[in-house]
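A look at the structure
Listed below, chain by chain, are the residues.
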Amino acid sequence: MPKYQDLYQDLAKKIREGTIKEDTWLPSEPQLMEQYGTGKDTVRKALSMLAQDGYIQKEHGKGSLVLHVENQPQLLDLAAYPYLPEAPGCETKVNSVRLIQPTGEIARSLGYTARHKVWKVQRTRCIDGEPAVLETDYIDPTIVTDLDMDSARIPAWQHVQDELGLDVGYSRKEITLRPASAREASGLRLQPGQLVVVVRSWTSLEDARRLEYTVAKHHPDKFRYTDFLRKNKKG
């Protein structure tokens, strides 16, 4: 993992757990450089990620103000579930990784014909040992050419940014509620007919290539959607 993401993860964890208090100022960039033994670019990238994800508000001439963040795992983010294994009480199990021939909804969602193959990755996300999300990713193998059980633990968008140097351009999400199927009820330990939260997402690269299509079925008691918006300042 790049150094700036290590720094981001450490600071984000301290903010979530309250080690770094809300409404306080983070150490200055030079102080963080000295504290973590790293360079200016690393610190600035980590701070930009913290600001983007709503942990801090950067104020010119003052520094980085820590915002209020509830101490519980965030299960929904820009494209997928970044670094969920490092979040308190969370773990990820990869159930299978294989190449398949996409049909129907899967082919249409990736803009494929049936003769193209895609990676199919199935995962179970747990919180404190209890299943919270049943997740299936369909990933373009012309972009992610090599995938195994270990590398499939992190989202494809994070892999292409860190390892391939490609930029994610945008992600679209659709959130619906419906009665759980028998398989979903079993996997999420729901009662028959209980509602399940279904999150579908389409993630594309900066050059508009469709990277992945994800279908995630959430336990309704463990699902929380958090959005963070920042008003653009007028020039």
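Residues numbered from 1 in each chain as written. Predicted model: local features only at pLDDT ≥ 70, side-chain atom pairs only at ≥ 80, totals over all residues. Heavy atoms only, no water.

Digging into the environment of L67
Test applied: Secondary structure counts use DSSP, requiring at least four H or I residues in a row for a helix and at least two E residues in a row for a strand, with both numbered from the N terminus. Each residue is placed in one exposure class: buried if its accessible area under a 1.4 Å probe, protein chains only, is under 20% of its type's maximum, exposed if it is over 50%, and partly exposed if it falls in between.
Along the polypeptide, L67 turns up in the loop between β2 (63-66) and β3 (90-100). On the basis of relative accessible area, L67 is assigned to the partly exposed category, the value being 21%. On a C-alpha basis, the gap between L67 and Q57 in space is 6.8 Å, while along the polypeptide they are 10 residues apart.

Some words on the sheet that holds strand β4 (residues 118-127)
Which entries qualify depends on this criterion: For two strands to be treated as a pair, DSSP must find no fewer than two bridges joining them. All axes are obtained by fitting lines to C-alpha atoms, using only the stretch in contact for helices, and the reported angles, taken between N-to-C directions, cover 0 to 180 degrees.
The strand order β3-β4-β5-β8-β7-β6 describes an open sheet built from 6 strands, whose pairing is antiparallel. In this open sheet, the two edge strands, each paired with only one partner strand, are β3 and β6 (168-179). Neighbour-to-neighbour, the strand axes of the sheet open up by a mean angle of 15°, direction not taken into account.

Description of the pattern of salt bridges
Keep this limit in mind: Whenever a carboxyl oxygen of Asp or Glu lies within 4 Å of a side-chain nitrogen of Lys or Arg, that contact is scored as a salt bridge.
Within this structure, the stated rule accounts for 11 salt bridges. E105 is the partner of R200 in a salt bridge, and the nearest nitrogen-oxygen pair spans 3.0 Å. Linking R200 in strand β7 (residues 195-205) with E105 in helix α4 (residues 104-110), this pair joins segments that are 95 residues apart in sequence. For the salt bridge of R125 with E135, the shortest nitrogen-to-oxygen distance reads 3.1 Å. Here R125, found in strand β4, pairs with E135, found in strand β5 (residues 130-139); they are 10 residues apart in sequence, far enough to count as distant. For the pair formed by R125 and E135, the shared burial category is buried. Bridged by salt links that share partners, the residues R123, R125, E135 and D137 form one connected network.

Details of the packing of aromatic side chains
Let me state the cut-off plainly: Note on aromatic contacts: the rings of Phe and Tyr and the six-membered ring of Trp form a pair at centre separations within 6.5 Å, being stacked when their planes are under 30 degrees apart, edge-to-face when over 60 apart, and tilted otherwise.
Here the structure, examined in full by the defined rule, presents 3 aromatic pairs. Seen in terms of ring centroids, Y8 and Y55 are 6.3 Å apart; in terms of plane orientation they differ by 80°. Their pairing is edge-to-face. Within this pair, whereas Y8 is found in helix α1 (residues 3-17), its partner Y55 is found in the loop between α3 (40-52) and β1 (56-59), the two being separated by 47 residues in sequence. The buried category is assigned to Y8, whose relative accessible area is 8%. Look at Y55 and you get buried, because its relative accessible area is 7%. Relative to Y213, the ring of Y138 lies with its centre 6.1 Å away and its plane at 20°, an arrangement referred to as stacked. Here Y138, found in strand β5, pairs with Y213, found in strand β8 (residues 210-218); they are 75 residues apart in sequence, far enough to count as distant. Put simply, the rings of Y138, W202 and Y213 touch in pairs and so form one group of aromatic residues.

Focus on α3
Rules: What a helix should span is 1.5 Å times the count of its residues minus one. Any two residues whose heavy atoms approach within 4.5 Å at even a single point are treated as in contact.
Here α3 contains 13 residues, and its C-alpha end-to-end distance of 18 Å stays within 8% of the 18 Å for a straight helix at 1.5 Å per residue. Restricting attention to buried positions, one finds in α3 the residues T42, V43, A46, L47, M49, L50 and A51. In the core, the buried residues of α3 are packed alongside α1, α2 (29-36), β1 and β2. Just downstream of α3 lies G54, where phi reads positive at about 85°.

Focus: the pairing of β1
Regular strands show a simple pattern: their side chains alternate between the two faces of the sheet. Pairing analysis gives 4 bridges linking β1 to β2, with the strands arranged antiparallel. Bridge pairing in β2 links Q57 to L65. Following β1, the chain reverses through 3 residues before pairing antiparallel with β2; G61 in that reversal takes a positive phi of roughly 80°.

Some remarks on unusual backbone geometry
Non-glycine residue D23 carries a positive phi angle of around 65°. Its place among the elements puts D23 in the loop between α1 and α2. The backbone of D128 sits at a positive phi, close to 50°, despite the residue not being glycine. Tracing the backbone shows D128 in the loop between β4 and β5. With a relative accessible area of 63%, D128 lands in the exposed category.

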